[in-house]
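# Examination of the molecular architecture
The residues making up each chain are set out below.
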Amino acid sequence: MGKNLVGNHIRRLRFELNEMTQQQLADKVGVTRQTIVALEKGNYSPSLELAFRIALAFNLPLEEVFFYGDNQKL
C-alpha cells in the first residue's frame, strides 16, 4: 500500500489551543503521547472513534481536524 492518505491539522490546532502539549491531548483522548506523535507525523491513521474523540477535544467538526488525500481545506 502507498503513503498514508489521511492527514490532519492536529499540530497546528494544539498550538492554537493554548499550546496544548502532545501529552495533554493524549490524556484527553485516552491514548499515549506516542500515538499523537505518530498521528502528527502522518505515520498512523486513527480509528474512526479516536478521530471523533480528537475532534471533540478541539471542539471542532471531524473534517476540520482530518482530511483525506490532498484535500487540505485549512
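Residues numbered from 1 in each chain as written. Predicted model: local features only at pLDDT ≥ 70, side-chain atom pairs only at ≥ 80, totals over all residues. Heavy atoms only, no water.

## What about the pattern of salt bridges?
Overall, the coordinates contain three salt bridges when judged by the stated rule. A salt bridge links Arg14 to Glu40; the shortest N-O distance between them is 2.5 Å. Of this pair, Arg14 sits in helix α1 (residues 10-16) while Glu40 sits in helix α3 (residues 33-41), and the two are 26 residues apart along the sequence. When its relative accessible area of 3% is taken as the criterion, Arg14 is described as buried. (Salt bridge = Lys/Arg side-chain N within 4 Å of Asp/Glu carboxyl O. Helix = DSSP H or I, 4+ residues; strand = E, 2+ residues; numbered from the N terminus. Buried < 20%, exposed > 50% of the residue type's maximum accessible area, 1.4 Å probe, protein only.)

## Digging into α3
For α3, every residue scored as buried is listed here: Thr35, Ile36, Val37, Ala38, Leu39 and Glu40. Packed against the buried residues of α3 are β1 (6-8), α1, α2 (22-29) and α4 (48-57). (Contact = heavy atoms within 4.5 Å.)

## Here we look at the nonpolar core
In terms of nonpolar packing, the biggest core is built from 16 residues, with Ile10, Leu25, Val29, Ile54, Phe58 and Val65 touching the most fellow members. Elements supplying a minimum of two residues to this core: α1, α2, α3 and α4. Broken down by element, the residue count for this core peaks at five residues, all from α4. Excluding anything up to four places from it in sequence, Val29 contacts Ile36, Leu50, Arg53, Ile54 and Ala57. (Core = buried A, V, L, I, M, F, W, Y, C linked by side-chain atoms within 4.5 Å.)

## Regarding the environment of Met20
Position of Met20 among the secondary structure elements: in the loop between α1 and α2. Not counting the four nearest positions on each side in its chain, Met20 is found in contact with Arg14, Leu25, Lys28 and Phe58.

## Side note on the packing of α2 against α4
Taken N-terminus to C-terminus, the directions of α2 and α4 make an angle of 115 degrees; their axes are 9 Å apart at the nearest point. Taken as a pair, α2 and α4 cross one another with a handedness that is right-handed. Across the interface between the two elements, Leu25, Lys28 and Val29 of α2 pack against Leu50, Arg53, Ile54 and Ala57 of α4. Looking at the contact of α2 with α4, its residues break down into five nonpolar, no polar and two charged. (Axes fitted to C-alpha atoms, helices over the stretch in contact; angles between N-to-C directions. Left-handed = near helix turned anticlockwise from the far one by under 90°. Nonpolar A, V, L, I, M, F, W, Y, C, P; charged D, E, K, R; others polar.)

## Observations regarding α4
Of all the positions in α4, only Leu50, Ala51, Ile54, Ala55 and Ala57 are classed as buried. What you see down the axis of α4 is that its buried residues fit within an arc of 155 degrees, all on one side. Facing away from the buried surface of α4 by more than 90 degrees, the exposed residues are Leu48, Glu49 and Leu56. Structurally, α4 contributes buried residues whose contacts are with α1, α2, α3, α5 (62-65) and β2 (66-68). Asn59 sits one or two positions beyond α4 and adopts a positive phi of about 55 degrees. (Arc of directions from axis to C-beta.)

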